[in-house]
Structures are given as C-alpha cells and as structure tokens.
Amino acid sequence: QKEVEQDPGPLSVPEGAIVSLNCTYSNSAFQYFMWYRQYSRKGPELLMYTYSSGNKEDGRFTAQVDKSSKYISLFIRDSQPSDSATYLCAMSGRSNYKLTFGKGTLLTVNP
Amino acid sequence: GAGVSQSPRYKVAKRGQDVALRCDPISGHVSLFWYQQALGQGPEFLTYFQNEAQLDKSGLPSDRFFAERPEGSVSTLKIQRTQQEDSAVYLCASSLDLSGGGTDTQYFGPGTRLTVL
C-alpha cells in the first residue's frame, strides 16, 4: 500500500460544477499538506498549502485536512475549462522538504 | 522573474548510454530537489541539496544515478548505463529554504522527458 492514495480518475464535469478531489494517507507523521496543479507537459505548481488539520480558502479553491481520518480534500467552485489539469496532493513531515505525492487526478471541465 | 529551467526538455537515449540532465534553479534559492515522475504517476523524490551539500539521496533508485550541485546553483542529474525503466519525466524544484520549520514552497521546472529505447 502506498503512503498516499489518490483516485486517478479521469473526472469530467461541466463548466460551473463544484469539483471534489481527495486523498487518503497512512503516515501519521505527515503535517504539511499541499495541492499542486499540473498542466500537460508542465511542472507542478502549488495551489494550496495547509498545515495540520483545518480548512483554507483561496478564491474558488478550498482545501480541507482531517488528520484524525487521514483524509484531505480540495474543492473547486464554479469550475472553468482552464481548471482542466491533473491535480496532485502532496504531503511532508517535520522535515518539510521531502514531498510524497499522490498519483494525481486528471480533471476535465467541459464548456 | 525567471522560474526553474531544465534542459534538455526531451532526451532519447539508447539503452546503455549515459545521460546528463541540467537544472537551473530560481536565483537565490538555497534548496534544490530532483523528482522522477513515471507516466500516470505522481512525482517521487530522488535527492535534495542545500547549497552544494547533498543532504538526502535516499530516493535515488540505484548507483547508476548520480546528482551534483558543485557551486550551489546549477545541478546536474546523471544516469549511467540507462535502462528502459529509467524512462520518465525528471523534475527539478527549488525553494528559498526558510529556516525554523516554516512552509517553504517548492517551485518546479517543466521537467526533462527521458525516453530510453
């Protein structure tokens, strides 16, 4: 079993839909939780960062962390075609440098 | 400003050839990371530098993989005697390296796509 599990999809939604992406993990030492977006043939770019449990909102994006369930989520409101990409969850422990990624979920938002 | 750049963007090698992949981090970034991303997978950590010191190489898959950052800026990932299973995208990331345990965003380059025939 991998340390971080993420459903690879693909996920296809109409424009304007609310998208829910999630990851589960097994390593209780993870403290820092991130969501990266990766467009085709590009490197990952950081979308959201959360330390420990709780919610964080940034525009149309909301990240949630539930450490008791070892479950993290990313919600995208009013999804746009430009949101079409692969979304990767990533986590790190106290060292804060070695990121452990999920497989990524391929999202397509249809106009 | 300029982001992380990597060269070449694409590399085709015959099995058994040696390859060298270059990473130019963001100017002033102390930390540099290499990740390997196989097709349909998330990136996997290979190695980490703080300035010129290689502090963690636990993710390097074999002794055929070697990374260096001699002057604390540009880094090179070298793969000797390439095998088909080495085919992947090799991503480089850099970060400013804030001391004290705070968040430290890793900025990724576009990657080098290596295909071993």
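Not measured: the values here are computed from a predicted model.

Visitor: So what's going on with the pattern of salt bridges? Residues and values would help.
Guide: One pass over the full model with this rule turns up eight salt bridges over all chains. Note that Arg 60 of chain A and Asp 83 of chain A form a salt bridge whose closest N and O atoms lie 2.9 Å from each other. With Arg 60 of chain A in the loop between strand 6 (54-58) and strand 7 (61-66) and Asp 83 of chain A in the loop between strand 8 (71-76) and strand 9 (85-92), the pair connects residues that are 23 residues apart, well separated along the chain. Residue Arg 60 of chain A is classed as partly exposed on the basis of its relative accessible area of 26%. As a salt-bridge pair, Arg 64 of chain B and Asp 86 of chain B come within 2.8 Å of each other at their nearest N and O atoms. Taken together, the residues Arg 64 of chain B in the loop between strand 6 (53-56) and strand 7 (65-68) and Asp 86 of chain B in the loop between strand 8 (75-79) and strand 9 (88-95) connect sequence positions 22 residues apart. Like Arg 64 of chain B, the residue Asp 86 of chain B is buried in the burial classification.

Visitor: Which residues make up the sheet that holds strand 6 of chain A, and what are the values?
Guide: Residue and element names in this part refer to chain A. In space, the five strands of this open sheet follow the order 1-3-8-7-6, with antiparallel pairing throughout. Looking at strand neighbours, the two that pair on one side only are strand 1 (4-6) and strand 6, the edges of this open sheet. Here the average twist between neighbouring strands, direction ignored, is 15°. The sheet contact formed by strand 1 and strand 3 (residues 19-25) spans three bridges and is antiparallel. Bridge pairing links Glu 5 to Thr 24 in strand 3.

Visitor: Now, about the interface of chain A and chain B: what can you tell me, with residues and values included?
Guide: Facing 18 residues of chain A, the contacting portion of chain B comprises 25 residues. With both sides pooled, the region where chain A packs onto chain B buries about 1,700 Å², and carbon together with sulfur makes up 48% of that total. Glu 44 of chain B is the salt-bridge partner of Lys 2 of chain A, the closest N and O atoms lying 3.4 Å from each other. Joining chain A to chain B, the criterion identifies eight residue pairs in polar contact (both at pLDDT 80 or more).

Visitor: Tell me about the nonpolar core, and name the residues and values.
Guide: Of all hydrophobic cores here, the largest spans 24 residues; its most connected members are Trp 35, Ile 72, Leu 74, Ile 76, Tyr 87 and Met 91 of chain A. Elements with a minimum of two residues in this core: strand 3, strand 4 (32-38), strand 5 (45-51), strand 7, strand 8, strand 9 and strand 11 (105-110) of chain A. In this structure, Leu 21, Leu 77, Leu 114 and Val 116 of chain B belong to the second largest nonpolar core, which totals 20 residues.

Visitor: How would you explain the state of the cysteines if you had to name every residue and give the values?
Guide: Applying the stated criterion across every chain, the model contains two disulfides over all chains. A sulfur-sulfur separation of 2.0 Å characterises the disulfide bridge that pairs Cys 23 of chain A with Cys 89 of chain A. One quick way to see it: the torsion about the S-S bond of Cys 23 of chain A and Cys 89 of chain A is about -105°, and its sign makes the bridge left-handed. Here the residue Cys 23 of chain A occupies a position in strand 3, and Cys 89 of chain A occupies one in strand 9, the gap between them amounting to 66 residues. Note on cysteine connectivity: Cys 23 of chain B is disulfide-linked to Cys 92 of chain B, with sulfurs 1.9 Å apart. On the sign convention where negative means left-handed, the S-S torsion of about -65° between Cys 23 of chain B and Cys 92 of chain B marks this disulfide as left-handed. With Cys 23 of chain B in strand 3 (residues 19-24) and Cys 92 of chain B in strand 9, the pair connects residues that are 69 residues apart, well separated along the chain.

Calculation rules
- Residues numbered from 1 in each chain as written.
- Chains lettered and ligands numbered in written order.
- Predicted model: local features only at pLDDT ≥ 70, side-chain atom pairs only at ≥ 80, totals over all residues.
- Heavy atoms only, no water.
- Salt bridge = Lys/Arg side-chain N within 4 Å of Asp/Glu carboxyl O.
- Helix = DSSP H or I, 4+ residues; strand = E, 2+ residues; numbered from the N terminus.
- Buried < 20%, exposed > 50% of the residue type's maximum accessible area, 1.4 Å probe, protein only.
- Pairing = 2+ DSSP bridges.
- Axes fitted to C-alpha atoms, helices over the stretch in contact; angles between N-to-C directions.
- Contact = heavy atoms within 4.5 Å.
- Buried area = accessible area lost by both parts, 1.4 Å probe.
- Polar contact = N/O pair within 3.5 Å; in protein donor to acceptor, adjacent residues only side chain to side chain.
- Core = buried A, V, L, I, M, F, W, Y, C linked by side-chain atoms within 4.5 Å.
- Disulfide = S-S within 2.5 Å.

Function cannot be read off these values alone, since they describe shape.
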